[in-house]
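In case you want the letters, here they are:
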Amino acid sequence: MESDTVTNTPRKNARTKSSATTSSYATHLLAELLRAADIRINGDRPWDIQLHQTRALDEIVARHSLGLGETYMRGDWSCIALDEFFYRLLRADLQNQIKPFRHLWRVARSYFINLQSQRRAFQVGEHHYDLGNDFYRSMLDSRMTYSCGYWKDAENLEQAQAAKLDLICRKLDLQPGMRLLDIGCGWGSLVSYAAEHYGVECVGVTVSREQKQFVDEHYANFPIRVELMDYRKLSGKFDRIASVGMFEHVGRHNHRTFMQVAKRCLDPDGLLLLHTIGKNLRHTTCDPWIEKYIFPNGDLPANSQICEAAESLLLVEDLHNFGCDYDRTLMAWHQNFENSWERFADRYGPEFYRMWRYYLLSCAGAFRARHIQLWQWILSDRRHGGVVRVC
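## Observations concerning the overall build of the protein chain
Counting secondary structure elements, the protein chain contains 14 helices and nine strands. By the burial criterion, 54% of the 391 residues in the protein chain qualify as buried. Within the protein chain, contacts between residues separated by at least 24 positions form 74% of all contacts whose residues are at least 6 apart in sequence. Surface exposure of the protein chain reaches about 18200 Å², of which carbon and sulfur atoms provide 51%.

## Considerations on the pairing of strand β5 (residues 224-228)
By the bridge criterion, five bridges tie strand β4 (residues 201-206) to β5 in an arrangement that is parallel. Residue pairing for β5: V205 is matched across the bridge by E227. Following the backbone out of β4, through helix α9 (residues 209-218) and into the adjacent parallel β5, one traces a crossover that is right-handed.

## Quick notes on the confidence of the model for the protein chain
Any segment with low pLDDT has predicted coordinates that should not be analysed in fine detail. Put simply, the protein chain has an average pLDDT of 87, and 84% of its residues get 70 or more. Taken as a whole, residues 1-12 scores under 50 in pLDDT and shows zero contacts with residues more than four places along the chain or in a different chain. Low pLDDT, under 50, characterises residues 14-20; the predicted model gives this stretch zero contacts beyond four residues in sequence or across chains.

## Quick notes on the sheet that holds strand β8 (residues 314-321)
In a beta sheet, neighbouring strands are held together by backbone hydrogen bonds and run either parallel or antiparallel to one another. Taken in spatial order, the seven strands make up an open sheet running β5-β4-β3-β6-β7-β9-β8, and their pairing is mixed. With one partner strand each, in any of the chains shown, β5 and β8 form the two edges of the open sheet. Mean inter-strand twist for the sheet, computed between neighbouring axes without regard to direction, equals 15°. Pairing of strand β3 (residues 179-183) with strand β6 (residues 238-244) involves three bridges; the strand directions are parallel. What sits directly across from L180, in β6, is R240.

## Topic: the side chain of Q305
By the secondary structure assignment, Q305 is in helix α12 (residues 303-310). Sequence-distant contacts of Q305, that is, excluding residues within four places in its chain, are made with R252, H255, K279, R282 and L300.

## Describing helix α10 (residues 255-265)
Burial in α10 covers these residues: H255, F258, M259, V261, A262 and C265. An end-on view of α10 places all buried positions within 160° of arc, on one side of the element. Those residues of α10 that are buried are in contact with β3, β6, β7 (266-279), α12 and β8.

## Quick word on the packing of aromatic side chains
In total, this model carries 34 aromatic pairs according to the counting rule given. Geometrically, the ring pair formed by F344 and Y348 is tilted, given 6.2 Å between the ring centres and 40° between the ring planes. For Y348, a relative accessible area of 18% puts it in the buried group. Geometry around W47 places R88 over its ring, the cationic atom sitting 3.7 Å from the centre.

## Some points on the pattern of salt bridges
This structure, assessed with the given rule, holds 27 salt bridges. For the salt bridge of E59 with R74, the shortest nitrogen-to-oxygen distance reads 2.8 Å. Among the residues examined, E59 registers a relative accessible area of 18% and is labelled buried. A salt bridge links E308 to R282; the nearest nitrogen and oxygen atoms lie 3.2 Å apart. Of the two residues, E308 sits in helix α12 while R282 sits in the loop between β7 and α11 (288-293), which places them 26 residues apart along the sequence. According to the relative accessible area criterion, R282 is partly exposed, its value standing at 26%. Within the structure, one salt-bridge network assembled from shared partners comprises D38, R45, D48, D83, E84, R88, D327 and R368.

Rules of the game
- Each chain has its residues counted from 1, running along the sequence as written.
- With the structure being a predicted model, the display of local features is reserved for residues of pLDDT at least 70 and the display and counting of side-chain atom pairs for 80 or more, all residues being used for whole-chain, interface and lining totals.
- Side-chain calculation: all heavy atoms of the structure are included, whereas hydrogens and water are not.
- Elements are defined by DSSP. Helices are runs of H or I of four residues or more, strands are runs of E of two residues or more, and each kind is numbered from the N terminus.
- Per-residue accessibility, obtained with a 1.4 Å probe over protein chains only, is compared with the maximum for each type, and a residue is labelled buried under 20%, exposed over 50%, and partly exposed between these values.
- Contacts are residue-level and defined by heavy atoms, with any inter-residue pair within 4.5 Å sufficient.
- Accessible areas in this description were obtained via Shrake-Rupley with a 1.4 Å probe; residue shielding takes into account the shown protein chains only.
- Pairing between strands is defined by DSSP: at least two bridges between them are needed.
- A crossover counts as right-handed when, viewed with the strands pointing away from the observer, the path leading from the first strand over the helix to the second turns clockwise.
- pLDDT expresses, on a scale from 0 to 100, how confident the predictor is about each individual residue.
- Axis definition: a line fitted to C-alpha atoms, over the contacting stretch in the case of helices. Angles run 0 to 180 degrees between N-to-C directions.
- The directions from the helix axis to the C-beta atoms are what the arc is built from.
- Between rings of Phe, Tyr and Trp, where Trp is taken as its six-membered ring, a pair exists when centres lie within 6.5 Å; planes separated by under 30 degrees are stacked, by over 60 edge-to-face, and by other angles tilted.
- Criterion for a charge above a ring: Lys NZ or Arg CZ within 6 Å of the ring centre, and within 35 degrees of the ring normal.
- Salt bridges, as used here, are contacts in which a Lys or Arg side-chain nitrogen is within 4 Å of a carboxyl oxygen on Asp or Glu.

The structure is reproduced here in structure tokens:
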């Protein structure tokens with residue numbers, strides 16, 4: 001027994017020394033990187049991180065975005081102003097300071113594998129949008145609008161979302177009696193607003209059973225029909241088509257298919273409004289933490305990819321960027337989430353709370369840093385011979 005003890009002690013000490021050396025290296029490396037963004041480990045400012053477990057440092061260095069998000073979910077570190085932390089992180093371009101080999105694999109995978117195939121179409125609905133209508137109702141505005149608000153003349157979330165819905169209707173020049181198709185209709189905010197205020201007949205499609213149930217229950221007296229289906233199966237003709245916050249799930253392999261479906265369903269004099277989050281660089285992939293925990297198979301488009309997908313099919317009439325408004329929208333959602341969390345704490349638990357807080361505030365910081373954008377495109381059928389005037 002004594003012999004075993006003597007033999008094992010140096011090995012144990014060696015492992016301890018090796019672990020301490022690794023953590024020391026990780027601490028030094030992260031501190032140096034964060035200093036460029038004016039972020040400190042255990043600093044006293046709201047955007048500084050507070051380290052609760054030193055093991056988190058090794059994991060962040062080794063696994064980057066996934067390591068950062070998963071250690072936060074576990075409670076290994078915290079930050080009061082997480083939105084400001086990410087704003088500074090992204091403004092300093094720290095995400096590109098270290099590019100692991102696995103990042104190259106993810107880029108290659110996105111080009112060779114169709115992660116948004118029809119077989120996978122319902123995964124994001126089941127994983128994200130079907131969390132519970134009562135949960136989303138507590139976070140969103142009264143119409144359950146889960147996309148960027150338009151804050152130009154708005155003072156609160158309710159006004160910003162109503163302004164966005166009206167902006168869409170005016171850009172589409174909706175007239176009484178028209179038929180509107182909403183690809184990715186969510187909880188029916190646009191179709192209900194358009195039917196109520198512009199007198200149009202609406203058809204919506206969604207991959208979320210919870211969303212379809214909500215629309216069926218709340219708007220039974222409106223000329224609205226919602227189908228649970230993949231957009232690729234759409235048929236029929238419509239005067240106007242809108243897609244708000246859905247194109248992020250289409251994927252680069254299917255951008256052209258989406259435009260072909262839109263052209264097939266659009267009347268010759270019709271208009272398509274495409275409202276989507278977009279990225280600045282074409283050859284990148286979705287953040288791995290966001291893809292794993294929030295939006296499976298997500299793929300933000302670059303503006304060049306949208307133009308390429310529409311080429312020879314649809315004509316770009318107008319492009320409007322109001323990505324800065326998503327910062328305010330996300331911060332409003334976060335405030336509502338915090339205010340109502342007690343009602344859901346027992347159902348979802350503390351890890352979900354940290355995951356959701358991380359999602360909302362990291363995205364707010366990303367829009368604040370102009371790392372990602374919010375675009376509204378107006379496209380028309382190339383057979384349209386008149387002048388399209390966008391409000």
